[in-house]
Number of protein chains: 2
Amino acid sequence: MSEKTVAILGATGVVGQQMLQCLEERNFPVGRLVPLASERSVGKPVTFRGEDVPCQLAAADAFEGVDIVLGAADDATARALLPEAVKRGAVCVDNSHAFRLEPDVPLVVPEVNAADIAAHHGIIANPNCATIIGLVPVWPLHQAAGLTRLIVSTYQAASGAGKPGLDELVREIRCVAAGEPVGESAPFQYQLAENLIPQIGGFNEEGYTSEEMKMQNEGRKIMHLPELRVNCTCVRVPVVRSHSESITCEFERPISVDEARAILEAAPGVKVVDDPATSRYPMPLETSDQDLIYVGRLRRDLSAPEGVSSLTFWCCGDQIRKGAATNAVQIAEYLV
Amino acid sequence: MSEKTVAILGATGVVGQQMLQCLEERNFPVGRLVPLASERSVGKPVTFRGEDVPCQLAAADAFEGVDIVLGAADDATARALLPEAVKRGAVCVDNSHAFRLEPDVPLVVPEVNAADIAAHHGIIANPNCATIIGLVPVWPLHQAAGLTRLIVSTYQAASGAGKPGLDELVREIRCVAAGEPVGESAPFQYQLAENLIPQIGGFNEEGYTSEEMKMQNEGRKIMHLPELRVNCTCVRVPVVRSHSESITCEFERPISVDEARAILEAAPGVKVVDDPATSRYPMPLETSDQDLIYVGRLRRDLSAPEGVSSLTFWCCGDQIRKGAATNAVQIAEYLV
């Protein structure tokens, strides 16, 4: 496997930092690393394989000679710079929302649709974190029984709002512990410590948030199910870095709990943690810094009308790893 | 209105203390207060209308001359003592689970089935907190459109585990803020700070917890819908005292979002807080120490199959007040 020149666009952010760690852990064949950042971080070093590598300015000419770009920047930066990288011959795996729904851009969860990677035209999009974490277990069940409807309530970690979100939760927990007022809560709309915020992203005219619509719109594209109906409620919770989801799936064909459990136990990217007798189930503290999606609380949907095949489960996954960095590096592995 | 002798069984607990406050706030006609507690709290004073009243031992003869008992004790204590109170002529409003599903015991959310109170034989049961908080908004929608299916994911506060739960969350948040290990987490199964625990109560053979089954079994009895199908996932979250719920309701008849909103705005016990444009929606911090159930994020269920009438919303309510003490005092008001 020949070594590649790999650029990280947004190398100093939470996802960019995690991408560096994933490249290292997974022995990705990095010949030369090009960490890219905004003006104020130029010259600041990132650590890779024990060495300090200074950040360069994220600009078009920085992509000269780069083979693979891992994008961990915001939508505007991705939109401005990744086409420049493609022009210079790089292939980009982008974690922003900018290109996800463009028809000529594959949107990939490797456990689901790795085959779509081959059709890229220079950019492959990494899906939304809550979407990745939900689809890893939903997909093998769909393959077995034919998914027709998804009802999801999420419990999303502070890390979904990046390093500012992580720092803010830490700050707020210190305030609460000290009995001090929390004050301004940016990047969150309201205090998150000891609270829940049922808004992630902006609202559409039907009252759904952009985060909620991603589960349907990205899910349709990733699973090649253009008619899939998804009802999603996204809620920010005072948890550091793992998202959790309460999921109800309806299927075309009957599927028993035992069948579903066997399927999930054999599914790539999934770890079944489901033993009520010993109070074992997925929890966000346990999935922090793990790459697998933990699945448990698997059971029959008691509310299913006569003749409707439906299951309910609970899953947790690290938002920064499988929800972002690990998924992107997995895609890059298919490119080399 | 003649004054009553009112006993509080479990007067020193979180719910018992809140009952005292509710009696005071709502000007309940208390002639004499009889706070009852276990042996170790006998003589300990509770405060009522600015006066200290010493706790008496919770035992059968303490109910002599008592008109109304508000029960805030555990199931075993309720089972042992409330029949003794009834024998002595008292009427009991009990917050424990002991009598809720007994056929001759009304189970009452006053906004839903106050008429059932009249059929009591000395004991009226106060429902499970998450059930009360969910049903207050579900009921008026059912009256308009005929509820057929409920899918609920809860986000339940530490206070649901009583004073030990409240104290434990405070302790854990201090540990987390100080960077210290949390250690033993009783009464919770695992650390709750910065975590989520998808277990409240024990599991049945289908993998549902007792808390999850309450939503179906108590909901059926309260709403007189013996066939109602409920799929509930109950999750403990690091929030102090308000429960939140993500609810999807299917109905027999069509009901638009606008109709539902108008119905909820007119519904007793409900406050609609739902303005996406200004990021207004219910949050547990805002409903703490409030009696109303706040409802928002009301929208069409995008996952509903063709021809199925279905809505989704989010609600929050104070677990100690409307989820327990306020609801019990409201029932007692119907008795006087």
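Residues numbered from 1 in each chain as written. Chains lettered and ligands numbered in written order. Predicted model: local features only at pLDDT ≥ 70, side-chain atom pairs only at ≥ 80, totals over all residues. Heavy atoms only, no water.

- Naming follows an unreviewed UniProt entry, where chain A appears as Aspartate-semialdehyde dehydrogenase of Thermophilibacter provencensis.
- Looking at chain A in UniProt, the text filed under Sequence similarities (unreviewed entry) is "Belongs to the aspartate-semialdehyde dehydrogenase family."
- Here chain A is described in UniProt, under the heading Catalytic activity (unreviewed entry), as follows: "L-aspartate 4-semialdehyde + phosphate + NADP(+) = 4-phospho-L-aspartate + NADPH + H(+)". (UniProt positions renumbered as here; feature names shortened; annotations may be inferred.)

1. As for the nonpolar core
Moving on, step 1. In this structure, Val69, Val138, Leu147, Leu150, Met223 and Phe313 of chain A are the most contacted members of the largest nonpolar core, which totals 58 residues.
Moving on, step 2. At nine residues, the largest contribution of residues to this core is made by helix H4 (residues 129-145) of chain A.
Moving on, step 3. No fewer than three residues from each of domain 1 (4-127 + 324-335) and domain 2 (131-319) of chain A sit in this core.
Moving on, step 4. Those residues in contact with Val69 of chain A, other than ones at most four positions away along the chain, are Ala7, Leu9, Phe63, Leu82, Ala85, Ala90, Val91, Cys92 and Val93 of chain A.
Moving on, step 5. In this structure, Ala145, Cys249, Ile255 and Val295 of chain B belong to the second largest nonpolar core, which totals 57 residues. (Core = buried A, V, L, I, M, F, W, Y, C linked by side-chain atoms within 4.5 Å. Buried < 20%, exposed > 50% of the residue type's maximum accessible area, 1.4 Å probe, protein only. Helix = DSSP H or I, 4+ residues; strand = E, 2+ residues; numbered from the N terminus. Domains from an automatic or database assignment. Contact = heavy atoms within 4.5 Å.)

2. Focus on the pairing of strand E13 (residues 293-300) of chain B
Residues and elements named next belong to chain B.
Moving on, step 1. By the criterion of burial, E13 is predominantly enclosed, with seven of the eight residues buried.
Moving on, step 2. By the bridge criterion, three bridges tie strand E12 (residues 270-272) to E13 in an arrangement that is parallel. Paired with Val270 across the two strands is Ile293, which belongs to E13.
Moving on, step 3. Where E13 meets strand E14 (residues 309-318), five bridges bridge the pair, whose relative direction is antiparallel. By the bridge assignment for E14, Arg299 is matched with Thr312. (Pairing = 2+ DSSP bridges.)

3. Topic: the state of the cysteines
Moving on, step 1. Taken as a whole, this structure holds zero disulfides over all chains when the rule is applied.
Moving on, step 2. Cys22 of chain A carries a free sulfur, and the closest cysteine sulfur to it, the one in Cys129 of chain A, is 15 Å from it.
Moving on, step 3. Counting only cysteine sulfurs, Cys232 of chain B is the nearest neighbor of Cys234 of chain B, a cysteine outside any disulfide, at a range of 3.6 Å. (Disulfide = S-S within 2.5 Å.)

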